[in-house]
Amino acid sequence: MSKKRQKRKIIKENLFNKRRLIILNEDTFEETFSLKLTLMNVFVFVTLSTIIIITVTTFIIAFTPLREFIPGYSSSKLKKDATQLALKADSLSFALKKNEAYIKSIQKVLTGELEFAKFNKDSILAATEDVPSQVNLSPSKEELELRTQVTKEDSHPAYPKGTSQNSK
């Protein structure tokens, strides 16, 4: 146990012993700069400097256009353009569907498969639109039971008026 204590004492002394950093002019041996330091001061200074440099670098990258140079990040203009192009492609594919249906109908009229009197552009376009499927909106048996249970609980509260749940 005493060896561990001695080692700790030596380390503590080394951390807090004052040392002098002197910068001399090599030609004249004139002292240009002098500073009293301890190893603990140097350690704290280096640690704080590292943390500050990392923080500043992170903020510079995160909040400036520099982030666009990092792989995986894209510019906001690029995202906006991609969204607009996706919308435009969707509308163009819808228009193409309509045009193809119209051309097929015209071909049917020209080949004689369909009479001209039955040919109507609105009916052709209506046939190309996607019709949403019918959804059953009637409540299920379990949902009806839950509704009746909730209405019973609302009409007959568990606690009489004037008392609260927290008063126990």
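This text follows the structure it describes.
Fair warning: this is a prediction, and the values are worked out from it, not measured in the lab.

1. A look at the environment of Leu 24
One can find Leu 24 in strand β1 (residues 19-24). Judged by relative accessible area, Leu 24 falls into the partly exposed class, the value being 45%. Along the sequence, Leu 24 and Ser 34 sit 10 residues apart, while their C-alpha atoms lie 8.8 Å from each other. Apart from residues no more than four positions distant in its own chain, Leu 24 is found in contact with Phe 29, Glu 30, Glu 31 and Thr 32.

2. What to know about the pattern of salt bridges
Inspection of the entire model under this criterion finds two salt bridges. The residue Lys 77 makes a salt bridge to Asp 81 at a minimum N-O spacing of 3.2 Å. In this pair, Lys 77 and Asp 81 both sit in helix α3 (residues 76-111), four residues apart, roughly one turn of the helix. Here Lys 77 falls in the exposed class, since its relative accessible area comes to 60%. Across the pair Glu 143 and Arg 147 runs a salt bridge, and its minimum N-O distance is 2.8 Å. Of this pair, Glu 143 and Arg 147 both sit in helix α5 (residues 141-155), four residues apart, which is roughly one turn of the helix.

3. Considerations on a positive patch on the surface
There is a patch of like positive charges on the surface, built from Lys 3, Lys 4, Arg 5, Lys 7 and Arg 8. By secondary structure assignment, the location of Lys 3 is in helix α1 (residues 2-16).

4. Focus: unusual backbone geometry
Of note, Phe 29 is a non-glycine position whose phi angle comes to about 55 degrees, a positive value. Along the polypeptide, Phe 29 turns up in the loop between β1 and β2 (31-37).

5. Considerations on the pairing of β1
Both β1 and β2 contribute to a ladder of six bridges, which runs antiparallel. Of the residues in β2, the one forming a bridge with Arg 19 is Leu 37. Between β1 and the antiparallel strand that follows it, β2, lie six residues; Phe 29 among them carries a positive phi value of about 55 degrees.

6. A short note on the side chain of Thr 38
Residue position: Thr 38 is located in the loop between β2 and α2 (39-63). Judged by relative accessible area, which is 10%, Thr 38 ranks as buried. If sequence neighbours within four positions are ignored, Thr 38 has contacts with Leu 15, Phe 16, Asn 17 and Lys 18.

7. Comments concerning the packing of aromatic side chains
This structure, assessed with the given rule, holds one aromatic pair. Pairing Phe 59 with Phe 63 gives two aromatic rings, centres 5.6 Å apart and planes at 20 degrees, and the pair type is stacked. Placement of the pair is Phe 59 and Phe 63 together in helix α2, with a separation of four residues, close to one helical turn. Note on Phe 63: relative accessible area 63%, which makes it exposed.

8. Structural notes on the environment of Thr 111
Looking at the secondary structure, you find Thr 111 in helix α3. Residue Thr 111 is classed as exposed on the basis of its relative accessible area, which comes to 56%. Polar side-chain contacts of Thr 111 include one of 3.2 Å to the backbone oxygen of Lys 108.

9. Section: a nonpolar patch on the surface
A cluster of nonpolar side chains, namely Phe 43, Val 44, Leu 48, Ile 51, Ile 52, Val 56, Ile 60, Ile 61, Leu 66, Phe 69, Ile 70 and Tyr 73, defines an oily patch on the protein surface of about 1200 Å² accessible area. One can find Val 44 in helix α2. Val 44 sits in the partly exposed class, given a relative accessible area of 38%.

Analysis parameters
- Residues numbered from 1 in each chain as written.
- Predicted model: local features only at pLDDT ≥ 70, side-chain atom pairs only at ≥ 80, totals over all residues.
- Heavy atoms only, no water.
- Helix = DSSP H or I, 4+ residues; strand = E, 2+ residues; numbered from the N terminus.
- Buried < 20%, exposed > 50% of the residue type's maximum accessible area, 1.4 Å probe, protein only.
- Contact = heavy atoms within 4.5 Å.
- Salt bridge = Lys/Arg side-chain N within 4 Å of Asp/Glu carboxyl O.
- Patch = residues over 30% accessible without salt bridge, like charges linked within 9 Å, V, L, I, M, F, W, Y side chains within 5 Å.
- Areas by Shrake-Rupley, 256 points an atom, 1.4 Å probe, with all protein chains shown as cover.
- Lys, Arg positive; Asp, Glu negative; His and termini not counted.
- Charge placed at Lys NZ, Arg CZ, Asp CG, Glu CD.
- Pairing = 2+ DSSP bridges.
- Phe/Tyr/Trp six-rings, centres within 6.5 Å; stacked < 30°, edge-to-face > 60°.
- Polar contact = N/O pair within 3.5 Å; in protein donor to acceptor, adjacent residues only side chain to side chain.

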